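Read off the chains here:
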There are 2 protein chains.
Amino acid sequence: MPKLGMEPIRRAALVEATIHEIGAAGSLDVTVSQIAKRAGMSSALAHHYFGGKEQIFLAAMRHTLTVYAAEVRGALAMAETPFERTEAIIRAGFSQSNFRREVIAAWLNFYVLAQTSSEARRLLTIYQRRLHANLLFNLRQIAPDRAPKIAKIVAGLIDGIYLREALANHDSDGNSASQLVIHALRRELDATE
Amino acid sequence: MPKLGMEPIRRAALVEATIHEIGAAGSLDVTVSQIAKRAGMSSALAHHYFGGKEQIFLAAMRHTLTVYAAEVRGALAMAETPFERTEAIIRAGFSQSNFRREVIAAWLNFYVLAQTSSEARRLLTIYQRRLHANLLFNLRQIAPDRAPKIAKIVAGLIDGIYLREALANHDSDGNSASQLVIHALRRELDATE
DNA sequence: TTTTTTGTTGATTGACGAGTCAATAAAAAA
DNA sequence: TTTTTTATTGACTCGTCAATCAACAAAAAA
């Protein structure tokens, strides 16, 4: 029954299944068989298309990053002023979708993997640079000289508050998280020195 | 050759070895045999004293937290004013020792484990609460009403900047990291509203 | 001295899992 | 029509590893 052109479909299904399985396990401790089963194929086929486990993981990470980037772009498109755009970037980081179990698991395990996998670290660096560049570009139009420092603070706050919120015992509240970061941003911008 | 009173010695050796092995692997993907070997005993003995793998991990996490808490206490003891004490807490979070490979690995994997292990989550909550309470106590003496919000921001910044610095490509610079957080803290305190 | 407690390990069990391979089948190209 | 390319899997290999157990040794208690 081989229908041609299956490759992209299979790959997408595997990526999707990987993200789900990692979310369910909370770790990278998932077997290729589990992933393949959820994606509706044999583990041999998963190996055939991706070569190995780590490459499947990296594809899943790449996908998570891509989705996140798209979300940021979407939010940016709706904003007018540099301040609004900065706000939009912050809010995008705390959107509901980023607090889904699978996404949280993806990020946490991404960090762990970044210690030892150079490809994972490369991807993480891309995320960090992109976030920083986005913030910097908009902040420069508000406070040119202080922009670099403010960008670092906002970026750090986004990551840090996200981490705390993601692992908190109560349900994560993206809204109050955003508000907190935006508050700190205002403080920085209001200072006149 | 059984010398009595070995238990605490063995346990300590296993905890130490676990932290080293996790640091070397970057993940929790280390075998009990590896740990036991580094600690100079058979894997059977490790099981004998700890019961299982997860309990060995948790003991290692507890130890990491304990060391960190001691460091904070030490730094606090040398500070006089509430502001200095707040500064001390921040600096303790970015001390050299916290940027050692094993410590970074311990924290990152701790976060991952906190998703699924209720004991790991409990420990993490203790860390978060303690940090927050420490900051709050000192900030209350400077800006009573704004203290809660400022504490959240500082705590978030500590975690977030640490994460970025720990996974950065360059060598981690605890000093500039502390400076950044302290700068943000000043901004909050200088605001008069 | 006999018994119990504490320390210790080699050997084993039982399970699981990554990656390979040969074989099958259908579509497309020659 | 023959051949090549693409899709697909069951079965298998080789390895690993957590956890258990029987057994041995020495100190302490009875």
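Scroll up a little and you will see the structure.
On a predicted model such as this, the values are computed, not experimentally measured, just so you know.

(A) The arrangement of the overall build of chain A in detail. Looking only at helices and strands, one finds nine helices and zero strands in chain A. Each helix and strand of chain A, ordered N terminal to C terminal, gives the series α-α-α-α-α-α-α-α-α. Looking at chain A residue by residue over its 193 residues, the buried ones come to 39%. Partitioning the contacts of chain A with sequence separation of at least 6, the portion at a separation of at least 24 is 59%.

(B) Local environment of the interface of chain A and chain B. Counting from both sides, the interface comprises 33 residues of chain A and, opposite them, 33 residues of chain B. Mapped by element, the contributors of at least two residues to the side of chain A that touches chain B are helix 6 (101-114), helix 7 (118-140), helix 8 (147-166) and helix 9 (174-190) of chain A. With 11 residues, the top contributor of residues to the side of chain A that touches chain B is helix 8 of chain A. Partitioning the side of chain A that touches chain B into residue classes produces 15 nonpolar, 11 polar and seven charged.

(C) View of the nonpolar core. With 108 residues, the main nonpolar core has F110 and V154 of chain A together with V154 of chain B as its most contacted residues. In contact with F110 of chain A, other than residues within four places in its own chain, are M61, A120 and L124 of chain A.

(D) Local environment of the relation of the copies chain A and chain B. Mapping chain A onto chain B leaves a residual RMSD of 0.0 Å; the transformation is a rotation of 180° accompanied by 0.0 Å of translation along its axis. Such values leave the two copies arranged in the relation of a two-fold axis. Rotation axis and chain A: the residue whose C-alpha lies nearest the axis is G160 of chain A, separated from it by 1.7 Å.

(E) Just the environment of R187 of chain A, in detail. As for its placement among the helices and strands, R187 of chain A is situated in helix 9. Look at R187 of chain A and you get buried, because 21 C-beta atoms sit within 10 Å. When neighbours within four sequence positions are excluded, R187 of chain A is seen to be in contact with R187, E188 and A191 of chain B.

(F) How the structure looks around the packing of helix 5 (residues 82-93) of chain A against helix 7 of chain A. Residue and element names in this part refer to chain A. Relative orientation of the contacting elements helix 5 and helix 7 amounts to 160°, with a least axis distance of 8 Å. One finds that helix 5 runs roughly antiparallel with respect to helix 7. Every pair of crossing elements has a handedness; the one defined by helix 5 and helix 7 is left-handed. When helix 5 is examined against helix 7, the residues P82, R85, T86 and I89 are found in contact with a partner set consisting of N134, L135, N138 and L139.

(G) View of the packing of helix 5 (residues 82-93) of chain B against helix 9 (residues 174-190) of chain B. Residue and element names in this part refer to chain B. Look at helix 5 against helix 9: their axes get within 9 Å of each other, and the N-to-C directions meet at 145°. Where helix 5 crosses over helix 9, the two elements pack in a sense that is right-handed. Judged by residue contacts, T86, E87, I90 and R91 of helix 5 engage S178, V181, I182 and L185 from helix 9. For the contact of helix 5 with helix 9, a count of residues per class yields four nonpolar, two polar and two charged.

(H) Seen up close, helix 4 (residues 53-77) of chain A. The terminal C-alpha atoms of helix 4 of chain A, which comprises 25 residues, lie 37 Å apart, in line with the 36 Å expected from a rise of 1.5 Å per residue. For helix 4 of chain A, the complete set of buried residues consists of I56, F57, L58, A60, M61, T64 and Y68 of chain A.

(I) Representation of the environment of R85 of chain B within the structure. Residue and element names in this part refer to chain B. With respect to the helices, strands and loops of the structure, R85 is situated in helix 5. By C-beta crowding, R85 is classed as buried, having 21 other C-beta atoms within 10 Å. For R85, the contacting residues outside a window of four places in its chain are L76, A79 and N138.

Cut-off values and rules
Here the residue numbering is sequential within each chain, running from 1 through the sequence in written order. In the order they appear in the text, chains get letters beginning with A and ligands get numbers beginning with 1. Since the coordinates come from a predicted model, pLDDT governs what is reported: local features require at least 70, and pairs of side-chain atoms require 80 or more to be given and counted, while whole-chain, interface and lining totals use all residues. For the purposes of this entry, the term helix denotes a DSSP run of H or I that reaches at least four residues, the term strand denotes a run of E that reaches at least two, and both are numbered from the N terminus. Exposure criterion: with C-beta atoms placed from backbone coordinates, a residue whose C-beta has 20 or more other C-beta atoms within 10 Å is buried, one with 12 or fewer is exposed, and one in between is partly exposed. By the convention adopted here, residues are in contact when the distance between their C-beta atoms, placed from the backbone, does not exceed 7 Å. When residues are sorted by character, Ala, Val, Leu, Ile, Met, Phe, Trp, Tyr, Cys and Pro go into the nonpolar class, Asp, Glu, Lys and Arg into the charged class, and all the rest, Gly among them, into the polar class. For this analysis, nonpolar core means a set of buried Ala, Val, Leu, Ile, Met, Phe, Trp, Tyr and Cys residues linked through C-beta atoms within 7 Å. Alignment of the copies relies on least squares applied to C-alpha atoms, considering only residues that score at least 70 for pLDDT in both. Interaxial angle, 0 to 180 degrees, is taken between N-to-C directions of lines fitted to C-alpha atoms, where a helix line uses only the stretch in contact. Angle categories are assigned with fixed cut-offs, so that under 35 degrees is roughly parallel, over 145 is roughly antiparallel, 65 to 115 is roughly perpendicular, and the rest are oblique. For a crossing to be left-handed, the near helix must be turned anticlockwise from the far one by less than a right angle; the clockwise case is right-handed. For a helix, the expected span equals 1.5 Å multiplied by the residue count minus one.

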